[in-house]
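Notes for the structure review
Here are the chains, one letter per residue:
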Amino acid sequence: MRKKLFIDGKWVKAEKYTSLLSPYNEKIIAEIPVATLNDVDQAIAAAYHAREKMAKMPKHERAKILENVASLLEQRKEEAAHIIAQESAKPLRTALEEVNRTIQTYKFSSEEAKRIHGETLPLDAAPGGENRIGYTIREPIGVIGAITPFNFPMNLVAHKVGPAIASGNTIVLKPASQTPLSAFFIAELLQEAGLPDGALNVVTGRGSLIGNQIVQDERVKMITFTGSPQVGIAIRNKAGLKRVTLELGSNSAVIIDEGVDLRSIVPRCVKGAFSNQGQVCISLQRIYVHKNIYEEFVDRFVSETRTLTIGDPLHASTDISALISKNDVQRVLNWIEEAKQAGATVATGGDITGNIVHPTVLLHTKPDMKVSCQEVFGPVVLINKVASVEEAIQFVNDSRYGLQAGIYTNHIARALDAAEKLEVGGVMINDIPTFRVDHMPYGGVKESGIGREGIKYAIEEMTELKLVVINRQ
Ligand SMILES: NC(=O)c1ccc[n+]([C@@H]2O[C@H](COP(=O)([O-])OP(=O)(O)OC[C@H]3O[C@@H](n4cnc5c(N)ncnc54)[C@H](O)[C@@H]3O)[C@@H](O)[C@H]2O)c1
Ligand SMILES: O=C[C@H](O)CS(=O)(=O)O
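Residues numbered from 1 in each chain as written. Chains lettered and ligands numbered in written order. Predicted model: local features only at pLDDT ≥ 70, side-chain atom pairs only at ≥ 80, totals over all residues. Heavy atoms only, no water.

1. Some points on the side chain of Asn 397
Definition in use: Under the scheme used here, helices are H or I runs from DSSP no shorter than 4 residues and strands are E runs no shorter than 2 residues, and both carry numbers assigned from the N terminus. Whenever two N or O atoms come within 3.5 Å, that pair is a polar contact, provided that in protein one can donate a hydrogen and the other can accept it, and provided that, for residues adjacent in sequence, both atoms are side-chain atoms. Contacts: residue pairs with any heavy atoms within 4.5 Å of one another.
With respect to the element layout, Asn 397 can be found in helix α13 (residues 389-397). A polar contact of 3.0 Å, which involves the side chain of Asn 397, links it to the backbone oxygen of Lys 421. Residues contacting Asn 397, with those up to four places away along its chain left out, are Lys 421, Leu 422, Glu 423 and Lys 446.

Shown next, in the form of structure tokens:
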């Protein structure tokens, strides 16, 4: 199946195509257009041209388009989940969860479109401000370049496209090379939903070439990027005065205090560690368990992990499937081996079937091992013994990342202390760091990024605050 670029409301043939392979069985799924620099230029020109129309569009019309796309997606959600599962090897059940969340993201975007407003200012609070009326308005920023990763190919596109449309901006979207089909699918639905030509443009090809072009073009006023810290930091360094939001990686952790009920906590932690094969930016990678319950936690965790079903992403019963690429399979195996050589033990997993890395639990790791201090982005979790919550907080903070963290405890004072001391963008009390619903503010500190998503917060990033002052004389 040959796909086309989506530029100025038209499906455009490319000069060259590349084969998209299934990460699971390496069979060809589709032929993907490779955009030229000229195609990207056309896409930016279309977005630039459409920006006035979008900015002037009444908020109720923007809201209607977003409501329409949510209901179109609802009608075609099985097909959408199949696309995600096919191109990313995300197990079908997990892919359906992503589609349901994508529907939520567009619904929240529709609602937020109607709530964009400024505030009045008491200017006479300052001497010299008498007899003046002051208020702010939020204006769209213009053309937004959106660059997205492979691991949530539909919902993370929605987290950029939804708030951008809600706030009257236009978009040039470059999806991840392995997952362009979800982006094309959403473009088709948005067109059907009534989005004007040029408001969304989708270009596919090498990130380092066309992503870079989007980042450097002067007509693009903002870059919203989700992906690896390495690429994100490089983008930030090139973006000049453009506004930039970066949603980057992490090695997220949870603290398990003594006295908590492990029967419900362990299955939740297993889901947090292995959902989508651990390819989640808030995947649970490090677990710090109080020494008094450590052995029981490990036994329960390993038993629960062994119940997971490995297999074809398109089978309804599969929990764990292939990693996104062979390189990633090899990298994860190398990191496990390096940890073993340095004294870690494998409680379960550590091997592969095809491109599937079996869910792996490591014990006796050290903070400087790659599996601990870097982002694994694979189905690997470490269980560490700690003497106290205080000590665990220090381990959690000993990281270059800071996206989200979790703590399970029955002691409110310890929970609040952790909430204060953990160096992250979000603290989940009595839950895993992997918790996210789509309207909450979401983003990181340190190398996990800058700026926040979650529709209302993304809209703040995507609008310019303008001040108006009236002198009544
Ligand atoms: N914080 C979050 O919300 C969040 C969400 C999902 C994924 N992530 C992170 O994303 C990473 C995994 O995703 P990935 O492998 O797709 O990331 P990646 O950084 O390799 O790619 C992300 C996007 O950037 C593009 N790109 C690559 N080089 C580029 C360049 N030089 N200039 C411009 N664009 C370029 C890619 O083509 C892709 O579209 C992990 O680190 C994960 O933690 C973060
Ligand atoms: O991979 C990171 C994503 O933000 C995960 S989720 O969409 O928040 O579940």
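Picking up where we left off.
2. As for unusual backbone geometry
Phi is positive for Asp 8, close to 55°, though the residue is something other than glycine. By the secondary structure assignment, Asp 8 is in the loop between β1 (5-7) and β2 (10-12). Within the chain, Gln 473 stands out as a residue other than glycine whose phi angle is a positive 60°.

3. Some points on helix α2 (residues 59-75)
An α-helical segment advances 3.6 residues per turn. Residues three or four places apart therefore align on the same side. The line we're drawing: To estimate the expected span of a helix, count its residues, drop one, and scale the result by 1.5 Å. Burial status follows relative accessibility: with a 1.4 Å probe on protein chains alone, a residue under 20% of its type maximum counts as buried, one over 50% as exposed, and anything between as partly exposed.
Spanning 17 residues, α2 covers 25 Å between terminal C-alpha atoms, matching the ideal 24 Å at 1.5 Å per step. The complete set of buried residues in α2 reads Arg 62, Ala 63, Ile 65, Leu 66, Val 69, Ala 70, Leu 72 and Leu 73. Turning to α2, the residues buried within the fold contact α1 (37-56), α3 (77-88), α4 (92-113), α5 (155-166) and α6 (180-192).

4. What about the site of ligand 1?
Put simply, the test is: We define proximity as follows: a residue is near a molecule or strand when any one of its heavy atoms falls within 4 Å of that partner. For the area figures, the Shrake-Rupley method with a 1.4 Å probe applies, and any residue is considered shielded solely by the protein chains shown.
The environment of ligand 1 is formed by 28 residues, the closest being Thr 148, Lys 174, Ser 228, Leu 248 and Glu 375. Within the backbone of Gly 227, one N or O atom sits 3.3 Å away from an oxygen atom of ligand 1. When ligand 1 is considered free in solution it has 850 Å² of accessible area, and contact with the protein chains removes 86% of it. Elements with a minimum of two residues in the shell around ligand 1: α7 (207-216), β10 (220-226) and α8 (229-238). The leading source of residues in the shell around ligand 1 is α7, at 4 residues.

5. Quick notes on the UniProt feature "domain: Aldehyde dehydrogenase" (unreviewed entry) in the protein
To keep things clear, this is the line we draw: UniProt positions are given in the numbering used here, feature names are shortened, and annotations may be inferred rather than shown by experiment.
In the numbering used here, UniProt assigns the feature "domain: Aldehyde dehydrogenase" (unreviewed entry) to residues 11-468. The straight-line gap between the two end C-alpha atoms of residues 11-468 is 42 Å; of that span, 41% is helix and 22% is strand.

6. Looking at the nonpolar core
Quick reminder of the rule: As used in this record, nonpolar core signifies buried Ala, Val, Leu, Ile, Met, Phe, Trp, Tyr and Cys residues forming a set joined through side-chain atoms within 4.5 Å.
Formed by 55 residues in total, the largest nonpolar core has its most connected members in Leu 73, Leu 190 and Leu 200. Here this core gets 8 residues from one element, more than from any other, and that element is α6. In this structure, Val 254, Ile 256, Val 260 and Cys 269 belong to the second largest nonpolar core, which totals 29 residues.

7. A short note on the site of ligand 2
Basically, it comes down to this: Each residue receives one of three labels: charged for Asp, Glu, Lys and Arg, nonpolar for Ala, Val, Leu, Ile, Met, Phe, Trp, Tyr, Cys and Pro, and polar for the others, Gly being one of them. Note that domain bounds follow an automatic or database assignment of domains.
Neighbouring ligand 2 are Arg 101, Asn 151, Phe 152, Leu 156, Val 280, Cys 281, Ile 282, Arg 436 and Tyr 442. Here an oxygen atom of ligand 2 and a backbone polar atom of Cys 281 are 2.8 Å apart. Considering ligand 2 on its own, with 270 Å² of exposed area, one finds that the protein chains cover 96% of that surface. In terms of residue class, the shell around ligand 2 is made up of 6 nonpolar, 1 polar and 2 charged. If you count residues domain by domain, the shell around ligand 2 takes at least three from each of domain 1 (5-248 + 448-471) and domain 2 (253-437).

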